[in-house]
Amino acid sequence: MGLKILGTGSYLPETVVTNDDFAKIVETSDEWIVKRTGMKERRITEQPTWVMARHAAEAAIADAGLSPEEIDLILCTTVTSDYITPSMACVIQGAIGAVNAVALDINAACAAFVYALDMAHMYLQHGYRHVLIVSAEGLSKITDYTDRSTCVLFGDAAGACVVGWSDKGFAASLGSDGTGANTLFARRPLNDVPFVEQVDPQSVDGFPDVGRAGVLYMNGREVYKFAVSAMSRALKEACEKFGTTPEQLDLIVPHQANLRIIQSAAKELGLPLERFYTNIERYGNTSSACIPVGLAELGAAGELKPGRKVGLVGFGAGLVYGGCVFEL
Ligand code: UT7
């Protein structure tokens, strides 16, 4: 049993931040950013993350030709939920009137859309008919704009997909390596509880002391090394489970962390770069929103044609990775 994309949607905030804008606030240049990452612009907003999510969700449901009442399950992926509780999925369920949907969030960082798709596939096998996956990230809220090594990389966006049952197959390969948790993280700020002794979080979790809580820290080189091998491994394994090979994929939508990572993965897989969809130059890294935003753009361009074999692949904080393959 497989899975079919019934509709896609996305939301990109209006405010565009260029590489030259960054050169005004940190020691960097358009040349460095383009050469090392492939990024030229990204979008940012002060809107709550769930508002972006709502726009993308409504667009995907309309694209699927469904009404919100026909959604059985909402899976939201985000590392920047506006609330500690409730889940963003419940906030969206209420906002769009998906009164019959079960709703929950998934935190698997930049690989979360692939994790959500794999979960949707399992729910579909148990009788759920229409699953809405919404990936929304307001990364500008957790970006340290004094740290040039990270601030130029991230942007805000939301992407969504409605998926349903198909008889054309689906396979995924997911993995986690928690020993790399301290290479990419944002620590939650501590509460000042007047009655308890405060502990130094560093002394209990062994993570590097990198200043402010609440903003992203990344050891870029370590994550880079993980990313290249994880991308090709995840895609190869997913293809194997599906009964195909990477060469037979018509289209691959990868996580958009760095153009050089995508180029290296393409090389390792022996595939032409053109097979990989990229929009990194326009939006930067929007974590779990990258892949569904790409799918929505491909959908709008008429590229999600029946019969095509698609591969999706992501990796990120955790460290986690996930690849999946299905036929449109
Ligand atoms: O979404 C999943 C998580 N994200 C990723 O997967 C990202 C993975 N990592 C990367 O994409 C790359 O490691 C970066 C783009 C983050 C950095 O590129 P790099 O080629 O690995 O650079 P580097 O960290 O080795 O730094 C090289 C130099 C350093 O200067 P020194 O020490 O050689 O003097 C950095 O301080 O580049 C410097 N640098 C910058 N220079 C200008 C770092 N950031 C910048 C910058 N502008 N924005």
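What counts and how
Residues numbered from 1 in each chain as written. Predicted model: local features only at pLDDT ≥ 70, side-chain atom pairs only at ≥ 80, totals over all residues. Heavy atoms only, no water. Pairing = 2+ DSSP bridges. Helix = DSSP H or I, 4+ residues; strand = E, 2+ residues; numbered from the N terminus. Axes fitted to C-alpha atoms, helices over the stretch in contact; angles between N-to-C directions. Contact = heavy atoms within 4.5 Å. Salt bridge = Lys/Arg side-chain N within 4 Å of Asp/Glu carboxyl O. Domains from an automatic or database assignment. Buried area = accessible area lost by both parts, 1.4 Å probe. Near = heavy atom within 4 Å. Polar contact = N/O pair within 3.5 Å; in protein donor to acceptor, adjacent residues only side chain to side chain. Areas by Shrake-Rupley, 256 points an atom, 1.4 Å probe, with all protein chains shown as cover. 1 Å grid on protein atoms, 1.4 Å probe; cavity = no way out; pocket = protein on both sides within 12 Å on 5 of 7 lines; lining within 4 Å. Sits in = over half its atoms within 2 Å of the grid points. Buried < 20%, exposed > 50% of the residue type's maximum accessible area, 1.4 Å probe, protein only. Right-handed = clockwise from strand over helix to strand, strands pointing away. Points joined across faces, edges and corners; volume = space filled by probe spheres on them. Nonpolar A, V, L, I, M, F, W, Y, C, P; charged D, E, K, R; others polar.

### Some remarks on the sheet that holds strand S13 (residues 320-327)
What the four strands build is an open sheet, ordered S8-S13-S12-S11; its pairing is mixed. Each edge of the open sheet is held by one strand with a lone partner, namely strand S8 (170-176) and strand S11 (251-254). When strand polarity is set aside, the average angle formed by the axes of neighbouring strands in this sheet is 10°. The pairing of strand S12 (residues 309-316) with S13 spans eight bridges and is antiparallel. Within S13, the residue paired with Phe-315 across the bridge is Tyr-321. In the packing of helix H5 (residues 112-125) onto the sheet, contacts are made with S8, S12 and S13, and the angle to S8 comes to roughly 130°. Strands S11 and S12 of the sheet are contacted by helix H11 (residues 290-300), whose axis makes an angle of about 140° with S11.

### Re the pattern of salt bridges
Counting across every chain of the model gives six salt bridges. Measuring nitrogen to oxygen at the nearest pair gives 3.0 Å for the salt bridge that ties Glu-222 to Lys-225. You can see Glu-222 and its partner Lys-225 sitting in helix H8 (residues 220-242), three residues apart, about one turn around the helix. In this structure, Glu-297 engages Arg-282 in a salt bridge whose closest nitrogen and oxygen atoms are separated by 3.0 Å.

### Things to note about the domain arrangement of the protein
Under the domain assignment, the protein is made up of domain 1 (2-167) and domain 2 (171-181 + 213-327). On a C-alpha basis, the centres of domain 1 and domain 2 stand 15 Å from each other. Each partner contributes residues to the interface: domain 1 has 46 residues there, and domain 2 has 44 residues. With both sides pooled, the region where domain 1 packs onto domain 2 buries about 3400 Å², and carbon together with sulfur makes up 68% of that total. The largest contributions to the domain 1 side of the interface with domain 2 come from Cys-110, Val-114 and Tyr-115, which together make up 19% of the buried area. Where domain 1 touches domain 2, the interface holds zero salt bridges.

### What to know about the site of the ligand
Every one of the 23 residues lining the ligand counts as a neighbour, but Thr-28, Arg-36, Arg-221, Asn-258 and Asn-285 are closest to it. Contact distances for the ligand include 2.7 Å between an oxygen atom and a side-chain N or O atom of His-255. The side chain of Asn-285 places a nitrogen or oxygen atom 2.7 Å from an oxygen atom of the ligand. Summarising the interface, the protein chains cover 76% of the accessible area of the ligand, which totals 950 Å² for the free molecule. More than half of the atoms belonging to the ligand lie within 2 Å of the grid points that define the second largest pocket.

### Notes on the pairing of strand S4 (residues 73-77)
With respect to burial, S4 is a largely interior element, five of its five residues being buried. Burial along S4 is two-sided: the residues Leu-73, Leu-75 and Thr-77 and Ile-74 and Cys-76 are all buried. Both S4 and strand S5 (residues 102-106) contribute to a ladder of five bridges, which runs parallel. If you follow Leu-75 over to S5, its bridge partner there is Leu-104. Note that the unit made of S4, helix H4 (residues 88-96) and S5 has a crossover that is right-handed. In terms of strand pairing, S4 meets strand S6 (residues 131-138) through five bridges, oriented parallel. Note on S6: the bridge partner recorded for Leu-75 is Ile-133.

### Considering the layout of surface pockets
Considering only enclosed or pocket space, the largest pocket measures out at about 850 Å³ in volume. As for the largest pocket, its lining consists of 28 residues, of which Val-79, Thr-80, Asn-107, Ile-142 and Ala-186 are closest to the centre. Among the secondary structure elements, those contributing two or more residues to the lining of the largest pocket are S5 and strand S9 (184-186). Broken down by element, the residue count for the lining of the largest pocket peaks at three residues, all from S9. Each of two domains, domain 1 (2-167) and domain 2 (171-181 + 213-327), supplies a minimum of three residues to the lining of the largest pocket. Around the second largest pocket sit 24 residues that line it, and Met-218, Gly-220, Arg-221, Tyr-224 and Asn-258 are the ones nearest its centre. If you tally residues by element for the lining of the second largest pocket, the top one is H8, at four residues. The residue makeup of the lining of the second largest pocket, split by class, is 11 nonpolar, nine polar and four charged.

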